[in-house]
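Structural overview for review
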Amino acid sequence: MQVINQKVYRSFFIVLLLGMAVASPFLIGYAYVQLTGTAAMLLMTGGGIYLGGVLVVSLLFNVPMNHKLETFDHSGSAAAAYWQKTYLTRWVFWNHIRALASGAAAVCFLAACVLLAQGAGIS
């Protein structure tokens, strides 16, 4: 996992993760100012879910656990103890929260796009 964590910071994944975090407030603002009805609510909801369920969870839970894991010698007993007693259960739990939030945000964004393509919600 230490190797994966090192590689992920230099991958396209981080661009997508942070890019959507930057885009979400703009989508929320655009929906609030320019759109009406269900399409607006879906865009704002999707942006909020992404920011809270993906970005905040990543910053408060997963990333700090990744950084702590990096401090251990991967072959040492301290790393094994942290991995088994803390990291696996907590990190996986929060990763599931991020996955669910990502999926929910994607559904909201997709539904908003479909409504906007149909001409609904444009003021």
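Attention here is on the structure that accompanies the text. (Residues numbered from 1 in each chain as written. Predicted model: local features only at pLDDT ≥ 70, side-chain atom pairs only at ≥ 80, totals over all residues. Heavy atoms only, no water.)

Examining the layout of surface pockets
- Roughly 240 Å³ of volume is contained in the largest pocket.
- Looking at the largest pocket, it is lined by 16 residues, and the ones nearest its centre are V8, F13, V63, N66 and R98.
- Put simply, the parts of the chain that give the lining of the largest pocket at least two residues each are helix 1 (2-8), helix 2 (12-34), helix 3 (37-70) and helix 4 (77-117).
- Sorting elements by how many residues they give to the lining of the largest pocket places helix 3 first, with five residues.
- Among the residues forming the lining of the largest pocket, the class breakdown is 12 nonpolar, three polar and one charged. (1 Å grid on protein atoms, 1.4 Å probe; cavity = no way out; pocket = protein on both sides within 12 Å on 5 of 7 lines; lining within 4 Å. Points joined across faces, edges and corners; volume = space filled by probe spheres on them. Helix = DSSP H or I, 4+ residues; strand = E, 2+ residues; numbered from the N terminus. Nonpolar A, V, L, I, M, F, W, Y, C, P; charged D, E, K, R; others polar.)

Side note on the packing of helix 2 against helix 3
- At a minimum axis separation of 8 Å, helix 2 and helix 3 run at an interaxial angle of 150°. Relative to helix 3, helix 2 is oriented roughly antiparallel. The crossing of helix 2 and helix 3 is left-handed. On helix 3, the residues touching L16, L17, L18, M20, A21, S24, P25, L27, I28, Y30, A31 and Y32 of helix 2 are A40, L43, M44, G47, G48, Y50, L51, V54, L55 and S58.
- Counted by class, the contact of helix 2 with helix 3 contains 18 nonpolar, four polar and no charged residues. (Axes fitted to C-alpha atoms, helices over the stretch in contact; angles between N-to-C directions. Parallel < 35°, antiparallel > 145°, perpendicular 65-115°, else oblique. Left-handed = near helix turned anticlockwise from the far one by under 90°. Contact = heavy atoms within 4.5 Å.)

What about the nonpolar core?
- By size, the foremost hydrophobic cluster in this structure holds 16 residues, and its most contacted members are L17, A31, L35, L43, Y50 and V54.
- Of all the elements in the fold, those that place two or more residues in this core are helix 2, helix 3 and helix 4.
- Here this core gets six residues from one element, more than from any other, and that element is helix 3.
- Leaving out residues up to four positions away in the same chain, L43 has contacts with L27, I28, Y30, A31, L35, F109, A112 and L116. (Core = buried A, V, L, I, M, F, W, Y, C linked by side-chain atoms within 4.5 Å. Buried < 20%, exposed > 50% of the residue type's maximum accessible area, 1.4 Å probe, protein only.)

Section: a nonpolar patch on the surface
- Together, F12, V15 and L16 make up a nonpolar patch on the protein surface, roughly 310 Å² of accessible area in all.
- Mapping F12 onto the fold places it in helix 2. (Patch = residues over 30% accessible without salt bridge, like charges linked within 9 Å, V, L, I, M, F, W, Y side chains within 5 Å. Areas by Shrake-Rupley, 256 points an atom, 1.4 Å probe, with all protein chains shown as cover. Salt bridge = Lys/Arg side-chain N within 4 Å of Asp/Glu carboxyl O.)

Any functional reading would require information beyond the geometric quantities listed.
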